[in-house]
Amino acid sequence: MQTVDEIPYLTEREPAPGRLALVQRFVNTVDYEHGREVLSEPARLRRLLVELGLLTPVAVVSEADLGHALAVREALRALALANNGAVADREQLEVLERAAAGGRLVVLFDGSRAVLAPAAPGVRGALADLVGIVYTAMADGTWPRLKACKRDVCRWLFYDRSRNRSARWCQMAVCGNRTKTRAYRTRLRSS
């Protein structure tokens, strides 16, 4: 994979609302189709988590932290893919459960609502915060709209703003068109 500072993709689509955008930005740090990776080393993970406001700039980030973050990223992607019709893998859900437990999520009352926040410092706390954001989004109803693109080589996270929540691809003009064209050609060959 080629190391890049950012992946400028889907800039015309509005990001997820509120803190759910942090989850979207964290997961969209790899582009499998074009072989690009943002989180290739611990320093890059620290930079991203600081930019997202989840980590202090002086926090120490290890290779083990990077490995854990990559596992959490892919588990979040699998959970978002479940919002688009796939079945969530139990192993992926366990990764998220361990991340929440490792960050010692606690309930904080913020005015008229309760939010989950990490009690642990560092990367474990930052990753637990991301899991807490997902849990809060599930409770407030915004989570089902954060989906992973159904195109097998894409899997980019996007927020489905369609009225009937039926978007399947990050971009109909790219992933949707390629998927439908491939299906059409397959039907032509088999007839």
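For clarity, every value in this text was computed on a predicted model and none was experimentally measured. (Residues numbered from 1 in each chain as written. Predicted model: local features only at pLDDT ≥ 70, side-chain atom pairs only at ≥ 80, totals over all residues. Heavy atoms only, no water.)

Across its full length, the protein chain carries six helices and seven strands. Computed over C-alpha atoms, the radius of gyration of the protein chain comes to 17 Å, within 12% of the 16 Å expected from 2.2 N^0.38 for 191 residues, which places it in the range of a compact globule. Each of the three principal axes of the protein chain carries a C-alpha extent, and together these read 60 × 40 × 30 Å. Going through the 191 residues of the protein chain one by one, you find that 45% of them count as buried. Restricting to contacts in the protein chain with at least 6 residues of sequence separation, those with at least 24 account for 57%. About 10,300 Å² of surface is accessible on the protein chain, with carbon and sulfur atoms providing 53% of the total. Between the mean site of the 29 positive side-chain charges and the mean site of the 21 negative ones, the protein chain shows a separation of 8 Å. (Helix = DSSP H or I, 4+ residues; strand = E, 2+ residues; numbered from the N terminus. Rg over C-alpha atoms; globule rule 2.2 N^0.38 Å. Buried < 20%, exposed > 50% of the residue type's maximum accessible area, 1.4 Å probe, protein only. Contact = heavy atoms within 4.5 Å. Areas by Shrake-Rupley, 256 points an atom, 1.4 Å probe, with all protein chains shown as cover. Lys, Arg positive; Asp, Glu negative; His and termini not counted. Charge placed at Lys NZ, Arg CZ, Asp CG, Glu CD.)

Unusually for a residue other than glycine, Arg104 sits at a positive phi of about 50 degrees. Of note in this structure, Arg155 is not a glycine but carries a positive phi near 65 degrees. Mapped onto the elements, Arg155 comes out in the loop between β6 (146-148) and β7 (157-159).

What follows concerns the confidence of the model for the protein chain. In low-pLDDT regions, the fine details of the predicted coordinates are not to be read closely. Taken over all residues, the pLDDT of the protein chain has a mean of 89, while the share at 70 or more is 90%. Averaged over each element, pLDDT in the protein chain is lowest for helix α6 (residues 172-190) (65) and highest for helix α2 (residues 42-51) (98). (pLDDT = per-residue confidence, 0-100.)

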